[in-house]
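# Chain and residue survey
These are the residues of each chain, in order.
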Amino acid sequence: MKTKEKIIFGSSLVLTFFLGIIATMVTYSYLPNVKEVINKSVSEVSITEKDTIKSSIDKIYDATVLIETYNARKSLLGSGTGFVYKKDDKSGYILTNYHVIEDAKEIIITMSDKTEVTAEYKGSDEYTDLAVLTIPVESVLKVAEIGNSSDSEIGDTVFTVGSPLGKDYMGTVTKGILSGKDRQVSVNLSTGAFLFEVLQTDAAINPGNSGGPLVNINGKVIGINSLKLVQDEIEGMGFALPIEYAFAYTERLEKGETIIRPVLGVQIFDLEDKYYLYQYDFDIPEGVNSGIVIASIEKSTAASNSSLKEGDVVIKLDKKVVKTVAEFRYELYKYSYGDKITLTVNRAGKVIDIEVELIETKNS
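Here we summarise the structure given alongside this text. (Residues numbered from 1 in each chain as written. Predicted model: local features only at pLDDT ≥ 70, side-chain atom pairs only at ≥ 80, totals over all residues. Heavy atoms only, no water.)

According to the stated counting rule, one finds 11 salt bridges in the structure shown. A salt bridge links Lys-167 to Glu-116; the shortest N-O distance between them is 2.7 Å. With Lys-167 in the loop between strand S9 (157-162) and strand S10 (172-189) and Glu-116 in strand S5 (residues 116-118), the pair connects residues that are 51 residues apart, well separated along the chain. Residue classification places Lys-167 among the partly exposed positions, given a relative accessible area of 35%. Note that Arg-347 and Asp-312 form a salt bridge whose closest N and O atoms lie 2.8 Å from each other. Taken together, the positions of Arg-347 in strand S19 (residues 340-347) and Asp-312 in the loop between strand S16 (292-297) and strand S17 (313-317) put the pair 35 residues apart, joining distant regions of the chain. For Arg-347, a relative accessible area of 23% corresponds to the partly exposed category. Here the residues in one salt-bridge network are Glu-68, Glu-116 and Lys-167, joined through shared partners. (Salt bridge = Lys/Arg side-chain N within 4 Å of Asp/Glu carboxyl O. Helix = DSSP H or I, 4+ residues; strand = E, 2+ residues; numbered from the N terminus. Buried < 20%, exposed > 50% of the residue type's maximum accessible area, 1.4 Å probe, protein only.)

Right, let's talk about the packing of aromatic side chains for a bit. By the definition in use, this model includes 8 aromatic pairs. Judged by centre distance (5.7 Å) and plane angle (15°), the rings of Phe-269 and Tyr-280 are stacked. Pair noted here: Phe-269 is in strand S15 (residues 266-270) and Tyr-280 is in helix H7 (residues 274-280), with a separation of 11 residues, a long-range link. Its relative accessible area of 30% is what places Tyr-280 among the partly exposed residues. (Phe/Tyr/Trp six-rings, centres within 6.5 Å; stacked < 30°, edge-to-face > 60°.)

Here is the structure:
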């Protein structure tokens, strides 16, 4: 009996299975729309990248170059990035950072197609961290399109092309956003502290990216990567010089001209610098916590021709508050010889305005 029941049960399972198949076939044949829906669902699945920046990269990629510098013994000093910003009948002009080519005796340019050419140094300026080089025009693959950083807004997509860590990674593209504008960053140069007004981005900028282009979504250069704030607790803060700031100097650098800035004729230090404050033993008025202290005044200079005195604490330059030497120089270097400026100083607790005419001196 048990064997017979098993046979009947097994036969029922087989019958149920085949009935299920027959029912499915009948349903599918009488409902043709089912097949259409299934096919349609599969055919409409596609992957697209709506925010690709490939066309913008194409505009700048071949204009970006690797810069390698060598000393007199043909030893590699370092590397950086630059870009071709214009060309004429004979030459292509490359813009980069001063610190990229500093102390170089020979400069080798590698184009995006890996060809190498020796660059000619034209001019540079440490304060703006800019340098201009030229290469034969036949070596130029593309000229960058130049934009304007003032047209960009915080949150706009930006990207960089550069050579982080040298030749092995040349042509690296990184993307981010414009994180800030009109940022002020103080940098210690060989001649002292100086203030840069820069663009901030979170696009990755590493050693070797210096001098490369910061580019907007339309493929136009809006800045020159120049600095990176490097601290263990800080990431994603890169800086670039606004392109219009750089182009205010390129014509003179192309000609090899020295950028001459006004000299006031004073030795100064930050009021917050306790070492110098102790050394000079000036009597600083109560309530004055920041400013520039005039330590000494040189003879036959703009300062000596004015009523400035040693121990004066400069708190404003033409109504612009200055708290550090870097800020003071930043504001002063906006002027030229022959201009008149007004310094607001605190002298023994009394705030006075002193007019100074910037004259050219022997040590300028």
